[in-house]
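# Residue-level structural notes
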Amino acid sequence: MCAAIGLSVLYVSPDWLAGRNTTFVFLFLLIPASAPAKKDDDEDWVKLPNKCEVCKYVTVEMKSAFEETGKTKEVIDTKYDYMEEKKGIPIKYVKSDIRFIEVMETICQRLMHYNLHKERTGSNRFAKGMAETLQTLHNLVHKGVKVVMDIPYELWNETSAEVADLKKQCDVMVEKYEDVIEDWYRKHQDEDLTTYLCEKHVLKGKTKVRG
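Residues numbered from 1 in each chain as written. Predicted model: local features only at pLDDT ≥ 70, side-chain atom pairs only at ≥ 80, totals over all residues. Heavy atoms only, no water.

### Here's the deal with the overall build of the chain
For clarity, the cut-off: Think of it this way: any DSSP run of H or I at least four residues long counts as a helix, any run of E at least two long counts as a strand, and we number them from the N terminus. Residue contacts are defined here by distance: any two heavy atoms, one from each residue, within 4.5 Å place the two residues in contact. Throughout, the Shrake-Rupley method with a 1.4 Å probe supplies accessible areas, and for residues the shown protein chains are the sole cover considered.
On a plain count of helices and strands, the chain comes out with 7 helices and 9 strands. The contacts of the chain with a sequence gap of at least 6 include a subset with a gap of at least 24, amounting to 62%. Roughly 13800 Å² of accessible area belongs to the chain as shown, and the carbon and sulfur atoms make up 52% of that amount.

### A look at the packing of helix H2 (residues 51-69) against helix H3 (residues 97-110)
Helices that pack against each other are described as a pair by the angle of their axes relative to one another and the distance between those axes. Operational definition: Inter-axis angles, ranging from 0 to 180 degrees, are taken between N-to-C directions of lines fitted to C-alpha atoms, where helices are fitted over the stretch in contact. Working definition: roughly parallel below 35 degrees, roughly antiparallel above 145 degrees, roughly perpendicular at 65 to 115 degrees, and oblique for all remaining angles. Two helices crossing with the near one rotated counterclockwise from the far one by less than a right angle form a left-handed crossing, whereas a clockwise rotation gives a right-handed crossing. Charged residues are taken to be Asp, Glu, Lys and Arg, nonpolar residues to be Ala, Val, Leu, Ile, Met, Phe, Trp, Tyr, Cys and Pro, and polar residues to be all remaining types, Gly included.
H3 packs onto H2 with a crossing angle of 135° between their chain directions and a minimal axis gap of 9 Å. When the interaxial angle is binned, H2 and H3 end up oblique. Note on packing geometry: the crossing formed by H2 with H3 is right-handed. For the pair H2 and H3, contact is made by Val58, Glu61, Met62, Ser64, Ala65, Phe66, Glu67, Glu68 and Thr69 and by Arg99, Phe100, Val103, Met104, Ile107 and Arg110, respectively. A class-by-class count of the residues in the contact of H2 with H3 yields 8 nonpolar, 2 polar and 5 charged.

### Points about the packing of helix H6 (residues 178-187) against helix H7 (residues 193-202)
In contact at an axis separation of 10 Å, H6 and H7 are set at 145° when each is read in the N-to-C sense. When the axes of H6 and H7 are compared, the crossing they make is right-handed. Residues Val180, Ile181, Asp183 and Trp184 of H6 form the contact with H7, whose own contacting residues are Leu193, Tyr196, Leu197 and His201. Taken together, the residues of the contact of H6 with H7 sort by class into 6 nonpolar, 1 polar and 1 charged.

### Details of the pattern of salt bridges
Put simply, the rule is: Here, a salt bridge means any side-chain nitrogen of Lys or Arg that lies within 4 Å of a carboxyl oxygen of Asp or Glu.
A complete count under the given rule lists 10 salt bridges for this structure. The shortest N-O distance in the salt bridge between glutamate 53 and arginine 125 comes to 3.0 Å. Taken as a pair, glutamate 53 in helix H2 and arginine 125 in the loop between strand E7 (114-116) and strand E8 (126-128) lie far apart in primary sequence, 72 residues in all. Lysine 63 is the salt-bridge partner of aspartate 192, the closest N and O atoms lying 2.8 Å from each other. With aspartate 192 in the loop between H6 and H7 and lysine 63 in helix H2, this pair connects stretches of sequence that are 129 residues apart.

### Quick word on the state of the cysteines
Keep this limit in mind: The criterion for a disulfide is a pair of cysteine sulfur atoms lying within 2.5 Å. Throughout, exposure labels follow a simple rule: accessible area from a 1.4 Å probe, protein chains only, divided by the maximum for the residue type, with under 20% read as buried, over 50% as exposed, and the rest as partly exposed.
By the definition in use, this model includes 2 disulfides. Note that cysteine 55 is cross-linked by a disulfide to cysteine 198, the S-S spacing being 2.0 Å. With the S-S bond torsion at -100°, the cross-link from cysteine 55 to cysteine 198 turns out left-handed. Highlighted residues: cysteine 55 in helix H2 and cysteine 198 in helix H7, separated in sequence by 143 residues. In terms of burial, cysteine 55 and cysteine 198 fall into one category: buried.

### Let's talk about H7
Operational definition: Think of a polar contact as two N or O atoms within 3.5 Å of one another; within protein, one of them needs to be a possible hydrogen donor and the other a possible acceptor, and neighboring residues in sequence only count if both atoms come from side chains.
Residues of H7 that are buried: Leu193, Thr194, Tyr196, Leu197, Cys198 and Val202. Here the buried face of H7 lies against H2, helix H5 (161-176) and H6. Here H7 starts with a cap whose side-chain oxygen sits 3.2 Å from the backbone nitrogen of threonine 194, and that cap is aspartate 192.

### Here we look at H3
Which entries qualify depends on this criterion: Multiplying 1.5 Å by the residue count of a helix minus one yields the expected span of that helix.
Compared with the 20 Å implied by 1.5 Å per residue over 14 residues, the 20 Å span of H3 between its first and last C-alpha is a close match. Within the span of H3, buried status applies to Arg99, Phe100, Val103, Met104, Ile107, Cys108 and Arg110. Buried residues along H3 sit against H2, E7, H5 and H6.

Below you can see the structure in the form of structure tokens.
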């Protein structure tokens, strides 16, 4: 199972204790008992995506991209064949090499739209949209609450190390298994892509892909 460390957040608003007009919110990150103890090195707070998680989201985005590009009825007119002195045979875009190439070129960049949701567990820690915890903190700031954190406010929305690595591993995986993906595209689209790519090739003999 694709697993990850979950973090909880505790909010404390002691304005009524200090008798001040400004509300301070102190955050305490609670690590589950199963997680390794934190060391001085910040890398201990970063859990990079494993191959299971990477393959899951590569196929999620690939399915979405093929679905989006599969709605058109566009026909591609092949170039004029000067040797035969006639035009080539028109090809439906949905069955063309062009569609396959365009999808392959954009897949990994699509993963940069994901964010790390540390309040979630398993592979679900990667998802589009702002993390619930971060959204809550932004709302507090907009209400005039002073939030005390180690990370400067202007860096809150920066791409996390985990998401950056997700994209990096995607680039490697797509290049390595391009022939497998192309084989699915041409001959096996009736089979689920996650099963075909991840379980039968990338993770063959290893843990199956789950939520």
